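Residue-level structure breakdown
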Amino acid sequence: MLRTTRHKTVHIPHRLAMVAGLMALSAWGMNSQNVHSTATAVAAQQEEMATAAVQEGSNALLDIGVLLLMRAGGH
């Protein structure tokens, strides 16, 4: 039973309320699963970006090292 105003009540059958509750629970579960899979994809993308950044940093340090060796060799 659902009270809509002070004087009026609406009678909702038990089975209908159960079905509505199960549908809401199912929708929440599917949404929660989508959030989890999206979070996993974002974490993988962040890891890939971090790996690329480390590699770029390594390449930059190697380039600087080569330039310093070339400069020191010229003296």
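Not measured: the values here are computed from a predicted model. Counting restarts for each chain, with residues numbered from 1 along the sequence as it is written. Selection of residues for local features in this predicted model requires a pLDDT of at least 70, selection of side-chain atom pairs for listing and counting requires 80 or more, and totals for whole chains, interfaces and linings are taken over all residues. To get the side-chain values, all heavy atoms of the structure are used, and hydrogens and water are removed first.

What follows is about the overall build of the protein. If you tally the helices and strands in the protein, you get one helix and two strands. Tracing the protein from N to C terminus, the helices and strands come up as β-β-α. Burial status follows relative accessibility: with a 1.4 Å probe on protein chains alone, a residue under 20% of its type maximum counts as buried, one over 50% as exposed, and anything between as partly exposed. Every one of the 75 residues in the protein was classed for burial, and the buried ones make up 0%. Of the roughly 7100 Å² that the protein leaves accessible, carbon and sulfur atoms contribute 66%. In this description a helix means any DSSP run of H or I spanning at least four residues, a strand means any run of E spanning at least two, and both kinds are numbered starting from the N terminus. Exposure was quantified through the Shrake-Rupley algorithm and a 1.4 Å probe, taking into account, for residues, occlusion by the shown protein chains and nothing else.

Attention now moves to a nonpolar patch on the surface. Each patch is built from residues lacking any salt bridge and having more than 30% relative accessible area; the joining distance is 9 Å for like charges and 5 Å for nonpolar side chains (Val, Leu, Ile, Met, Phe, Trp, Tyr). Salt bridges are counted wherever a side-chain nitrogen of Lys or Arg sits within 4 Å of a carboxyl oxygen of Asp or Glu. There is a patch of nonpolar side chains on the surface, built from Leu62, Val66, Leu67 and Met70 and spanning about 420 Å² of accessible area. Its location among the elements puts Met70 in helix α1 (residues 14-73).

Further remarks concern the confidence of the model for the protein. When the pLDDT values of the protein are averaged, the result is 81; 88% of them are 70 or greater. When the elements of the protein are averaged for pLDDT, strand β1 (residues 2-3) gives the smallest value, 56, and α1 the largest, 85. For every residue, the predictor assigns a confidence score, pLDDT, that lies between 0 and 100.

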